[in-house]
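Listed below are the residues making up each chain.
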Amino acid sequence: MDMRKTWKAFASGDLSARDSLLTENLSLVHHVARQLERKLTNELDHDELVSAGTLGLMSAMSAFDPDRGLAFSTFAVPRIRGAILDELRR
């Protein structure tokens, strides 16, 4: 299934499309978590960062509009980073 069809299926509530998109983009969460671990000085648990980032990824998936022509990674990374930082502030 091509990505546009996957996004349309996700928008219509297809859970397997959601799982496919999560799996496809989970590397973005790990990438952002590693970046933040390097920049922040205090001891951070990687799994906690990934957990918070995954919530950001899911939020980004819900808000993403593939018809706007923007790459999903460009849209999602700031939301993932924001979700992790929000969790660290708590």
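Everything below is about the structure shown above.
Residues numbered from 1 in each chain as written. Predicted model: local features only at pLDDT ≥ 70, side-chain atom pairs only at ≥ 80, totals over all residues. Heavy atoms only, no water.

Caption draft 1: Broad picture of the overall build of the protein chain. For the protein chain, the helix and strand inventory stands at 4 helices and 0 strands. Along the protein chain, from the amino end to the carboxyl end, the secondary structure elements read α-α-α-α. Taking the principal axes of its C-alpha atoms as reference, the protein chain extends roughly 40 × 25 × 20 Å. The 90 residues of the protein chain split such that 33% are buried. In the protein chain, the share of contacts with a sequence separation of at least 24, taken over all contacts with a separation of at least 6, comes to 55%. Accessible surface, the protein chain as shown: approximately 5,800 Å² in total, 50% of it carbon and sulfur. Taken as two groups, the 12 positive and 13 negative side-chain charges of the protein chain have centres that lie 8 Å from each other. (Helix = DSSP H or I, 4+ residues; strand = E, 2+ residues; numbered from the N terminus. Buried < 20%, exposed > 50% of the residue type's maximum accessible area, 1.4 Å probe, protein only. Contact = heavy atoms within 4.5 Å. Areas by Shrake-Rupley, 256 points an atom, 1.4 Å probe, with all protein chains shown as cover. Lys, Arg positive; Asp, Glu negative; His and termini not counted. Charge placed at Lys NZ, Arg CZ, Asp CG, Glu CD.)

Caption draft 2: Structural context of the pattern of salt bridges. The tally for this structure, following the rule as stated, stands at 4 salt bridges. Between D67 and R4 there is a salt bridge whose closest N-O contact spans 3.0 Å. With D67 in the loop between helix 3 (46-63) and helix 4 (72-89) and R4 in helix 1 (residues 3-11), this pair connects stretches of sequence that are 63 residues apart. In this structure D67 comes out as exposed when scored by relative accessible area, which is 58%. Residue R89 pairs with D86 through a salt bridge whose shortest N-O separation is 2.6 Å. Taken together, the positions of R89 and D86, both in helix 4 and 3 residues apart, correspond to about one turn of that helix. (Salt bridge = Lys/Arg side-chain N within 4 Å of Asp/Glu carboxyl O.)

Caption draft 3: Fine view of the nonpolar core. Core analysis: the biggest nonpolar cluster contains 24 residues, and W7, L57, M61, F72, I80 and I84 have the highest contact counts within it. When contributions to this core are tallied by element, the ones reaching two or more residues are helix 1, helix 2 (15-39), helix 3 and helix 4. Ranked by residue count, the leading element in this core is helix 2, at 8 residues. Apart from residues no more than four positions distant in its own chain, F72 is found in contact with W7, N25, L28, L57, A60, M61 and F64. (Core = buried A, V, L, I, M, F, W, Y, C linked by side-chain atoms within 4.5 Å.)

Caption draft 4: Main features of the side chain of T54. Looking at the element boundaries, T54 is found in helix 3. Within the structure, T54 has its side chain in polar contact with the backbone oxygen of V50 (distance 2.7 Å). (Polar contact = N/O pair within 3.5 Å; in protein donor to acceptor, adjacent residues only side chain to side chain.)

Caption draft 5: Representation of helix 1 in the model. All buried positions along helix 1 are accounted for by T6, W7, A9 and F10. Down the axis of helix 1, the sector holding all buried residues measures 160°, keeping them to one side. Residues of helix 1 that are exposed and angled more than 90 degrees away from the buried face: K5, K8 and A11. In this fold, the buried residues of helix 1 make contact with helix 2, helix 3 and helix 4. The distance from a side-chain oxygen at the start of helix 1 to the backbone nitrogen of R4 is 3.1 Å, and the residue carrying that oxygen is D2. Just past helix 1, the residue G13 takes up positive phi, approximately 100°. (Arc of directions from axis to C-beta.)

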